[in-house]
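So you can see what is in the structure, the chains are spelled out below.
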Amino acid sequence: MKQIAKRIVGADISAAMLSQADHDARIDYLRCPAEALPLAGLIFDLLTVSSGLHWFERNAFLAEACRVLRPRGWLVIYDNFFSANLHGNPGFKSWFASTYLQRFPTPPRNSEPLDERSAKQAGFQVLAQEKYANLVFFDREQLVDYLLTQTNVIAAIERGEATLDDARAYLITEVSPFFPSPEPQAFDFGGPITYLRKIG
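Keep in mind that this is a model prediction, so the values were computed, not measured.

Cut-off values and rules
- Within every chain, residues take consecutive numbers counted from 1 along the sequence as written.
- For a predicted model such as this one, the threshold for reporting local features is a pLDDT of at least 70, and the threshold for listing and counting side-chain atom pairs is 80 or more; totals across whole chains, interfaces and linings nevertheless cover every residue.
- Note that the side-chain values use all heavy atoms of the structure and ignore hydrogens as well as water.
- Numbering of helices and strands runs from the N terminus; a helix is a DSSP stretch of H or I covering at least four residues, while a strand is a stretch of E covering at least two.
- Exposed residues in this analysis have more than 50% of their type's maximum accessible area, buried residues have under 20%, and partly exposed residues fall in between, with area computed by a 1.4 Å probe over protein chains only.
- Only heavy atoms matter for contacts: two residues are in contact if any of them lie within 4.5 Å across the pair.
- Only the protein chains shown count as cover for residues, and all accessible areas are computed by the Shrake-Rupley method using a 1.4 Å probe.
- In this tally, Lys and Arg are treated as positive and Asp and Glu as negative; His is ignored, and so are the chain termini.
- Charge coordinates come from a single atom per side chain, which is NZ of Lys, CZ of Arg, CG of Asp or CD of Glu.
- By nonpolar core we mean a set of buried residues, namely Ala, Val, Leu, Ile, Met, Phe, Trp, Tyr and Cys, connected to one another through side-chain atoms within 4.5 Å.
- Planes of paired rings set the category: under 30 degrees apart is stacked, over 60 is edge-to-face and the rest tilted, where pairs are Phe, Tyr or Trp rings (Trp by its six-membered ring) whose centres lie within 6.5 Å.
- A carboxyl oxygen of Asp or Glu within 4 Å of a side-chain nitrogen of Lys or Arg is what we treat as a salt bridge.

1. Here's the deal with the overall build of the protein chain
Scanning the protein chain from N- to C-terminus turns up 7 helices and 7 strands. Overall, the protein chain shows an N-to-C arrangement of helices and strands of β-α-β-β-α-β-β-α-α-β-α-α-α-β. When its C-alpha atoms are laid out on the principal axes, the protein chain stretches across 55 × 35 × 30 Å. Taken across its 200 residues, the protein chain has 34% of its residues classed as buried. Within the protein chain, contacts between residues separated by at least 24 positions form 77% of all contacts whose residues are at least 6 apart in sequence. With the model as given, the accessible surface of the protein chain reaches about 11,800 Å², and the carbon-plus-sulfur share is 55%. One way to put it: in the protein chain the 20 positive side-chain charges average out to a point 9 Å from where the 23 negative ones average out.

Here it is, written out as structure tokens:
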């Protein structure tokens, strides 16, 4: 984004997440819901959403995106999912499905893909959709730190089913057999990208 933008505005409803964001003179951060941006209309050429649409009130967000985008502006929605595919060890994916997701179930979310009809009703045209993949390397502690950021674990902590320390100790014990050495290992990430353009 920095390579193509003169000004960038980042938004998140979580102060904790915003505290982790990179500091840059060209970036302003707002703590607000995506469905209610405290900004004037028709000010952006490009709006991106990463791994967030499934948490939004979809119709309200699309209306807000249409409001703040200039005519013919772009909305790019993408996900970067953890596939649980550990290169060289298919047993990890089995552990993830049979143990991790049983201990930390996925909270309810709207995982329906954005279809062309809904996009058009909101004032957008779907121009293209594609899938991509990338590798992320984790050592044992980095993987555990990542899993602790997943809403699965956060929801369990918020329900009082575990403390952060308990969840960390549990995950360290569980994933240790998959890390026979301290070297980082490769995990598959990726997801869909949808390119939309504001109509008119």
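2. Some thoughts on helix 2 (residues 58-68)
By the burial criterion, the buried members of helix 2 are Arg58, Phe61, Leu62, Glu64, Ala65, Cys66 and Val68. The elements touched by buried residues of helix 2 are strand 3 (44-50), strand 4 (69-78), helix 4 (116-121), strand 6 (124-138) and strand 7 (185-198).

3. Thoughts on the nonpolar core
Of all hydrophobic cores here, the largest spans 22 residues; its most connected members are Phe82, Phe92, Trp95, Leu143 and Phe187. Elements represented by at least two residues in this core include exactly strand 5 (81-86), helix 3 (91-103), helix 5 (140-149), helix 6 (151-158), helix 7 (164-175) and strand 7. Dropping the residues within four chain positions of it, Phe82 is found in contact with Phe92, Phe96, Leu143, Tyr146, Leu147, Gln150, Phe187, Asp188 and Phe189. Counting 21 residues, the second largest nonpolar core, distinct from the first, contains Val49, Leu53, Phe61 and Cys66.

4. Observations regarding the packing of aromatic side chains
Counting across every chain of the model gives 21 aromatic pairs. Where Phe104 meets Tyr170, the ring centres are 6.0 Å apart and the plane angle is 75 degrees; that geometry is what we call edge-to-face. A residue pair is termed long-range when its members are at least 10 positions apart, and Phe104 in the loop between helix 3 and helix 4 and Tyr170 in helix 7 qualify at 66 residues. Judged by its relative accessible area of 25%, Tyr170 falls in the partly exposed class. Summarising the aromatic geometry, the rings of Phe138 and Phe189 are spaced 6.1 Å apart at their centres and angled 65 degrees between planes, so their arrangement reads as edge-to-face. Here Phe138 is found in strand 6, whereas its partner Phe189 is found in strand 7, with 51 residues between them in sequence. As far as burial versus exposure is concerned, Phe138 and Phe189 are alike and both buried.

5. Re unusual backbone geometry
Of note in this structure, Leu42 is not a glycine but carries a positive phi near 60 degrees. Mapped onto the fold, Leu42 is located in the loop between strand 2 (27-31) and strand 3. Non-glycine residue Arg72 carries a positive phi angle of around 70 degrees. Turning to its location among the elements, Arg72 is positioned in strand 4. For Arg72, a relative accessible area of 42% puts it in the partly exposed group.

6. Side note on the pattern of salt bridges
Using the criterion set out here, one finds 6 salt bridges in the structure. Asp145 is the salt-bridge partner of Arg168, the closest N and O atoms lying 2.6 Å from each other. Of the two residues, Arg168 sits in helix 7 while Asp145 sits in helix 5, which places them 23 residues apart along the sequence. Overall, Asp145 belongs to the partly exposed group, its relative accessible area being 35%. Salt-bridge contacts for Arg159 lead to Glu161; the nearest nitrogen and oxygen are separated by 2.8 Å.

7. Brief notes about the environment of Lys93
Considering the arrangement of structural elements, one finds Lys93 in helix 3. Residue classification places Lys93 among the partly exposed residues on the basis of a relative accessible area of 43%. Expressed as a C-alpha distance, the spacing of Lys93 and Gly41, which sit 52 residues apart in the sequence, is 45 Å. Ignoring anything within four residues of it in the chain, the contact list for Lys93 reads Ser83 and Ala84.

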